[in-house]
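# Remarks on the overall topology
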Amino acid sequence: MRGQGCLLSGFDFRDWLLANDPALSRLRMASRVTLTMALSFGVLLAIDRLLLPLPTAAYGLGLVLSIEGGVAVKDKGSAPQLVTRLLGCAASVCVVGLAAALESNRIVSDVAFLIIIFLAAAGRVFGPRGHAIGMFAFTSYFMGAYFRPPLGELPLIAMGPIVPALIGHVVRSLVLPDDWRPDLLRSLESVRGRINQILFKIATLASVGRMTARDAHKLEQLEIRLKEVVLMAEGFIPRPPSGVFDGTEPAAILAIRLFDVHLAAESAIVLSSQSLPPFALVHAVIEGDPVLVEAKKSDDLQAKTARSLIRLGEARVLLSETIEKGYSTGFAEVWAVTEATAAPAKIDFSLANPLIRAALQITLASAIAMTLGLMLSRERWFWAVLASFLVFTNTNSRGDTAMKALQRSLGTLFGIAMGLFLATALTGHMAVALVITTIAIFLAFYFLQTSYAIMTFFVSIALCLVYGMTGSLTVDLLLLRVEETMLGAAAGTFIAFVVFPARTRSALNTALATWFSALEELLSAAAAGEATNALIALSQKLDAAYRDIAAAARPLGSTWSVVTRPGHIRQTLAIFLAATYWARILAKDFDRSACDNDGMKLIDAERERATLLAKRQSDCFFVDQKASSAPERHLPLSHAGARLGVEMIGSTLDRLYPNG
């Protein structure tokens, strides 16, 4: 019995892991960072003991840049990643040398730090490589000013950036490489697993014959989780250089199957909430019973539910066929697709560029944090600057920045409390402390993509343990870290609200206006008989506009949000994502000569609908859908190609404001 219990626990953990990280991408990134840090520390220690003594700054740079190399380097391809790492190493050595040279004049050194902060933040104008090099430079000057190494030690200190750069490249390229094939297969398996969860939940409800508000919420959560993994799976599908499939290649078929199964699951949930199906029907769908096609003949509400379940079962079968084929062939013979590469963005250093405005915000916030931090401590003020810099990372509005500042402050506070307890309990147990420190680092970067607060929590624990192992842990030191962090977070929030402030709702309104304008432009071009290539270009413009909506809505969908429920934000985003997808289908398949009068009237109607909805701006993110009636249309699959695309655009937009 004990063995069975252990086995069950193992399966439970595996299921939990795959449910939360379907492609294991978070596990891989956390493993890379942890392994790179451990190997870099080991190599630096070996050099120190066997060849020549290394200064403490080399170790500090080695460990910190192991993190930056694993998180900030996002180039596609092994060779571009190596180039970015080497350029980051060069920038690191240069700024550490500058910090060492200016050490005798603290005022000049602090001004130089602010200049580097501005340049590092503005580096995002040059894309992922500029961002990565900027992070290397900022972190390295931070460490140089913290350790204050003599200029003569610079050649030895250079080992700190070089070792993790080379080790990190080997780890990412050879030990834990990215491979879209197994990632895609794992994510498809997860899609199928989450569909099964939805079917099992509906079956359970059907067996008791009723659905409570809690049950409905559970179904909503299952559908949200399905959306997330479908979006992930779509991201792993290689796309041609045009970025748009021709509709016949296996990759296009898979993309359509993924979307069909998602919409079928959503329809089954909506209709089951209105009228629960018989248990026997759901059980037969789970078992794949083909006799159920007879249920399509009726036309009452329960029959609609039955048809939605049958459609979900059919979509699941097609998805399973793709999964089995993927396992047997590895997608080798059908996925010879060259990935699309984005055109280089125009370099704009004017204040019209939000990246430049953000760079100025970060610099001003850092200056305030530096001033206030120095008032607290002449030695540890860097913590305040670090917090003010990082709260602006990957944010789009003042609400986004405020949420991140709150998360960093709370994560640091609770992490310090837990870290103090662990460090005190593990005094004299160096080996155990090292193991727990390694685990804390791993967990920090495992949760990086899902919760900044949890990431900060585990980083703070790791730092406390390091202080404990080096004998520098004191309560006063930890309190100072909390105070400096909160000062930096407050400075960042203050600047976000008073200098070039970007309200969350304003940013969302702007993004929505762009999206609706792109949709109207696409529909107008279709009505005017524009060429397919022109329509495809307009659909790609719509894709870019959707990404802007998702970024602008992020503060509203945060778990810290006090505005509305995160689930509703995701549901609304899913509507825009669905309309964007079907607009892409319309663009590729539309043929003006084959479109009848009814088809043109349908296009005109959807264009007018888009114009009217655009005037309501971001209201769709705040409407109470629970108080709204469900839309009448569900998966009108009686047509194909462009006509289906137009109908599905209308069907999805209906759901933004179900009551009109």
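Residues numbered from 1 in each chain as written. Predicted model: local features only at pLDDT ≥ 70, side-chain atom pairs only at ≥ 80, totals over all residues. Heavy atoms only, no water.

## Remarks on the overall build of the chain
The following threshold applies: Helical segments are the DSSP runs of H or I of at least four residues, strand segments are the runs of E of at least two, and each set is numbered from the N terminus. Only protein chains enter the accessibility calculation, which uses a 1.4 Å probe; a residue whose area is less than 20% of its type maximum is buried, one above 50% is exposed, and one in between is partly exposed. Only heavy atoms enter the contact rule, under which two residues are in contact if any of them lie within 4.5 Å.
Counting its regular elements, the chain contains 24 helices and 0 strands. Put simply, the chain has 660 residues, and 50% of those count as buried. Of the contacts made within the chain by residues no fewer than 6 positions apart, 82% connect residues no fewer than 24 positions apart.

## Considering unusual backbone geometry
Unlike most non-glycine residues, R148 shows phi in positive territory, near 50 degrees. One can find R148 in the loop between α6 (128–147) and α7 (154–157). Phi is positive for F500, which is not a glycine, with a value near 45 degrees. Within the secondary structure, F500 is located in the loop between α19 (475–498) and α20 (504–527). Its relative accessible area of 34% is what places F500 among the partly exposed residues.

## Quick look at a nonpolar patch on the surface
Note the threshold: Put simply, a patch holds well-exposed residues, over 30% relative accessible area, that have no salt bridge, with like charges counted together within 9 Å and Val, Leu, Ile, Met, Phe, Trp or Tyr side chains within 5 Å. Residue burial considers only the protein chains on display, and all accessible areas are found by Shrake-Rupley using a 1.4 Å probe. What makes a salt bridge here is a side-chain nitrogen of Lys or Arg within 4 Å of a carboxyl oxygen of Asp or Glu, nothing more.
A cluster of nonpolar residues, I107, V111, I115 and L119, forms a patch on the protein surface that exposes about 410 Å² of accessible area. Here I107 lies in helix α5 (residues 106–122).

## Section: the pattern of salt bridges
The tally for this structure, following the rule as stated, stands at 15 salt bridges. Residues R28 and D178 are paired through a salt bridge, measuring 3.2 Å at the closest nitrogen-oxygen approach. Of this pair, R28 sits in helix α2 (residues 25–51) while D178 sits in the loop between α8 (159–175) and α9 (180–208); the two residues are 150 residues apart in sequence, bridging distant segments of the chain. Judged by relative accessible area, which is 46%, D178 ranks as partly exposed.

## Looking at the environment of M232
You can see M232 is positioned in helix α10 (residues 213–236). The class for M232 is partly exposed, based on a relative accessible area of 27%. Residues M232 and L188, 44 residues apart in the sequence, show an inter-C-alpha distance of 9.3 Å. Filtering out sequence-adjacent residues up to four positions away, M232 remains in contact with P22 and A23.

## Some remarks on the packing of α5 against helix α15 (residues 382–390)
Defined as follows: Under this scheme, a helix contributes an axis fitted over its contacting stretch, all axes are lines through C-alpha atoms, and angles between N-to-C directions fall in the 0 to 180 degree range. An angle counts as roughly parallel when it lies under 35 degrees, as roughly antiparallel when it exceeds 145, as roughly perpendicular when it falls between 65 and 115, and as oblique in every other case. Here is the rule for handedness: rotate from the far helix to the near one, and if that takes an anticlockwise turn smaller than a right angle the crossing is left-handed, while a clockwise turn gives right-handed. Gly is put with the polar residues, along with every residue not named as nonpolar or charged; the nonpolar set is Ala, Val, Leu, Ile, Met, Phe, Trp, Tyr, Cys and Pro, and the charged set is Asp, Glu, Lys and Arg.
In contact at an axis separation of 12 Å, α5 and α15 are set at 15 degrees when each is read in the N-to-C sense. Here α15 runs roughly parallel to α5, going by the angle between their axes. Regarding α5 and α15, the two cross each other, and that crossing is right-handed. Of the residues in α15, those touching α5 at R106, F113 and I117 are F382, V385 and F389. Here the contact of α5 with α15 is built from residues that sort into 5 nonpolar, no polar and 1 charged.

## Structural notes on α6
As a reminder, the rule being used: Take the number of residues in a helix, subtract one, and multiply by 1.5 Å to get its expected span.
When the terminal C-alpha atoms of α6 are compared, their 29 Å separation across 20 residues agrees well with the 28 Å that a helix rising 1.5 Å per residue should span. Immediately downstream of α6, the backbone of R148 shows phi near 50 degrees, a positive value.

## Comments concerning the environment of V64
Summarising the element assignment, V64 is placed in helix α3 (residues 56–71). The class for V64 is partly exposed, based on a relative accessible area of 23%. Sequence separation between V64 and P164 is 100 residues; the distance between their C-alpha atoms is 9.1 Å.

## Topic: the packing of aromatic side chains
What counts, and what does not: Pairing of aromatic rings covers Phe, Tyr and the six-membered ring of Trp, with a centre-to-centre limit of 6.5 Å; geometry is then stacked below 30 degrees between planes, edge-to-face above 60, and tilted otherwise. Charge over a ring is defined by NZ of Lys or CZ of Arg lying within 6 Å of the ring centre and within 35 degrees of the ring normal.
Here the structure, examined in full by the defined rule, presents 18 aromatic pairs. Ring centres of F442 and Y446 lie 6.1 Å apart, and the angle between their planes is 20 degrees; on these two criteria the pair is classed as stacked. Separated by 4 residues within a single helix, F442 and Y446 lie in helix α17 (residues 430–446), roughly one turn from each other. Given a relative accessible area of 21%, F442 falls into the partly exposed group. An angle of 75 degrees between the planes, with centres 5.9 Å apart, marks the rings of F516 and F576 as edge-to-face. Taken together, the positions of F516 in helix α20 and F576 in helix α22 (residues 566–589) put the pair 60 residues apart, joining distant regions of the chain. By relative accessible area, which is 0% here, F576 ends up buried. The structure contains a cluster of three or more aromatic residues connected by ring pairs, namely F113, F138, Y141, F142, Y146, F147, W381, F382 and F389. The ring of Y452 has K404 sitting right over it, with the charged end atom 4.6 Å from the ring centre.

## Thoughts on the packing of helix α4 (residues 78–101) against α8
α8 packs onto α4 with a crossing angle of 165 degrees between their chain directions and a minimal axis gap of 9 Å. Here α4 lies roughly antiparallel to α8, going by the angle between them. Note on packing geometry: the crossing formed by α4 with α8 is right-handed. Contacts between α4 and α8 involve S78, Q81, L82, R85, C89, S92 and V93 on the former and, on the latter, P161, I162, A165, G168, H169, R172 and S173. Residue composition of the contact of α4 with α8, by class: 6 nonpolar, 6 polar and 2 charged.

## Some details on the confidence of the model for the chain
Stated formally: Per-residue confidence from the predictor is reported as pLDDT, which spans 0 to 100.
Per-residue pLDDT for the chain averages 81, and the proportion of residues at 70 or more is 83%. The low-confidence segment residues 291–297, where pLDDT is below 50, has 11 contacts with residues more than four positions distant or belonging to other chains. When the criterion is pLDDT under 50, residues 625–640 qualifies, and its contacts beyond four places in sequence or with other chains add up to 37 contacts.

## Focus: the side chain of T363
Where we set the bar: The definition of a polar contact used here is a pair of N or O atoms within 3.5 Å, where within protein one atom must be able to donate a hydrogen and the other to accept one, and adjacent residues in sequence count solely through side-chain atom pairs.
By secondary structure assignment, the location of T363 is in helix α14 (residues 354–376). Looking at T363, its side chain comes within polar contact range of the main-chain oxygen of A359, at 2.8 Å. When residues no more than four places from it in sequence are discounted, the contact partners of T363 are L114, I117 and F118.

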